[in-house]
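Given next are the chains, with one letter for each unit.
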Amino acid sequence: MVTVEVPWARPQSGFTLLLEALALLLAQEMTMEAAAEYLGEHDTRLWRAVGHHVAVAHEQTDWSAVREIGIDETAAKKGHRYVSIIMDAQTRAVLLVVEGHGKEALAAFARELRAHGGCPEQIESIAMDMSRAFIAEAKQFFPRAKIVFDRFHVMIKSGEAVDETRKELVRAGTPGLEGALWALRGNEWNLSEANQQRRRELMVEHKQIGRALALRGALQSVYATASAAEAPGMLQWWCGWAQRSRLSGFVALARTIRAHWDGVLAFFATGLTTAAMEAMNSVVQLARRRARGFRSFKNLRTITYLLGAKLKFDLPSLKPA
C-alpha cells in the first residue's frame, strides 16, 4: 500500500479539508462531543483537527497595532483552577489565554507579543483589577504602560462594602434583616418592585444601611459625572466621607482607593474598562460547556480562541493546481 498526498486533505489528518472546515463551524455552535456524534467520529480526532487550525490561525495574528489591553482571570474548572485572559481593549479580541491564577500571565504576553510582530514598549495602558500579581508584572514587563483600575472593579468593592455592613448588623443580632441580601445587592433599577420596597424599608429602619447605600450611590455618581480634572477632588471628598462613616467596609475601600490612587484616577483620563473582560469570562464559561469533558487546558484554550479571538482561517485551496 502506498500513501500519497492529495490536495483535498491535510497530510496525516485523516480528514478531508471540507470535513475539517465543517468541524470548525460545528465547534463554534455546539459541544465537541455533539459535533463528534453528528460527524460520526471520535471527539479526540476532532479536537486534534480543530486544535491544529486554531493554533495556526492564532500564530498568524498580528498584534503590532495593539496599544491597550485588559487582563482578568476566571475559573477554568472546579477546585480553584483558573485561567488568565488578555484582551485587546480596542478590538475586544482575545489575545492570549494563560493557565494559572495570574502569576506570570503578563510575562507570557510580553513574550508572545514579540512573536506576533509587536513589542512591550507599544503597550500604553493596561486595565486590570487590583491584583498584586498583575500590578507587579505590569510594572516589570510593561514599564511604560499606564495601569488602569476601572470603575467596574471599584464598584464591585463598594457593593461588597454594603454587604459587609449587612453582615455586621446580622452578627450583632439586629432583627428584621431577613431577605436583606437580595434587596441590597446591585442597582435599585434592576430590582423587582418587592425588593425595591424592601430596600427603602431597610434604609429607614437601619441607619447604617442607609449610610452604606448613600456612599455607594455617591461613588457611582462620581464615576458617572466626574471629568479627569474633577475626579481627584471628588474622590478625595468621597474617601473622607467613607473614612468618617464608621462603616468598616467603606473605611477599608477608602484606604484601598488611596493606596491605588494613580491607577484609579487613570480610568477618568482613559475611560479604559474591563467590562468586555467580564463578557469574555462568560465566553470562557461557554467554552467550558462546549469543551465538556475536556481533558487538557489546551482544549479549553482552543475553544476560547475559536469563540473569542476573531481568528481568520486560511485553509489550503481545494481547486486543482
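Right above here is the structure, for reference.
Structural notes, computed from the coordinates. Please read all numbers here as calculations on a predicted model, not as lab measurements.

**Description of the overall build of the chain**
Secondary structure assignment for the chain yields 14 helices and 5 strands. If you line up the chain on its principal axes, its C-alpha atoms span 85 × 45 × 30 Å. Across the 321 residues of the chain, 47% fall into the buried class. Nonlocal contacts in the chain, meaning residues at least 24 apart in sequence, comprise 59% of its contacts between residues at least 6 apart. Surface summary for the chain: the accessible area is close to 17,000 Å², and the carbon and sulfur share equals 53%. One way to put it: in the chain the 41 positive side-chain charges average out to a point 4 Å from where the 34 negative ones average out.

**Some words on the nonpolar core**
Residues Phe109, Trp238 and Phe250 are the most contacted members of the largest nonpolar core, which totals 96 residues. The biggest single contributor to this core is helix α9 (residues 207–225), with 8 residues. Apart from residues lying up to four places away in sequence, Phe250 is in contact with Ser158, Ala161, Val162, Thr165, Ala212, Leu215, Arg216, Trp238, Ala242 and Ser245.

**A look at the packing of aromatic side chains**
Under the defined criterion, the tally for this structure stands at 7 aromatic pairs. With centroids separated by 5.6 Å and ring planes inclined at 40 degrees, the aromatic side chains of Trp237 and Trp241 adopt a geometry described as tilted. Of the two residues, Trp237 and Trp241 both sit in helix α10 (residues 231–244), 4 residues apart, roughly one turn of that helix. Between Trp238 and Phe250, the ring centres sit 6.2 Å apart and the planes meet at 65 degrees, which makes this aromatic pair edge-to-face. One end of the pair, Trp238, is in helix α10; the other, Phe250, is in helix α11 (residues 248–259), and 12 residues separate them in sequence. Phe250 shares its class with Trp238; the two are buried.

Analysis parameters
Sequence order sets the numbering: in each chain, residues are counted from 1 along the sequence as written. The predicted nature of this model means local features are confined to residues of pLDDT at least 70 and side-chain atom pairs, given and counted, to a pLDDT of 80 or more, with totals for whole chains, interfaces and linings taken over all residues. With hydrogens and water stripped out, all remaining heavy atoms of the structure feed into the side-chain values. Working definition: helices are DSSP H or I runs of at least four residues, strands are E runs of at least two. Numbering for both runs from the N terminus. Three exposure classes are used, based on accessible area relative to the maximum for each residue type with a 1.4 Å probe and protein chains only: buried under 20%, partly exposed in between, and exposed over 50%. Should any heavy atoms of two residues lie within 4.5 Å, those residues are considered in contact. Per-residue and other accessible areas follow the Shrake-Rupley method at a 1.4 Å probe size, with only the shown protein chains counted as cover for residues. Positive charges are assigned to Lys and Arg, negative charges to Asp and Glu, while His and the chain termini are left out of the count. To locate a charge, take NZ of a lysine, CZ of an arginine, CG of an aspartate or CD of a glutamate. Only buried Ala, Val, Leu, Ile, Met, Phe, Trp, Tyr and Cys residues count toward a nonpolar core, and they belong to the same one when joined by side-chain atoms within 4.5 Å. Aromatic pairing here means that ring centres of Phe, Tyr or Trp (its six-membered ring) are within 6.5 Å. Orientation follows from the plane angle: under 30 degrees is stacked, over 60 is edge-to-face, and everything else is tilted.

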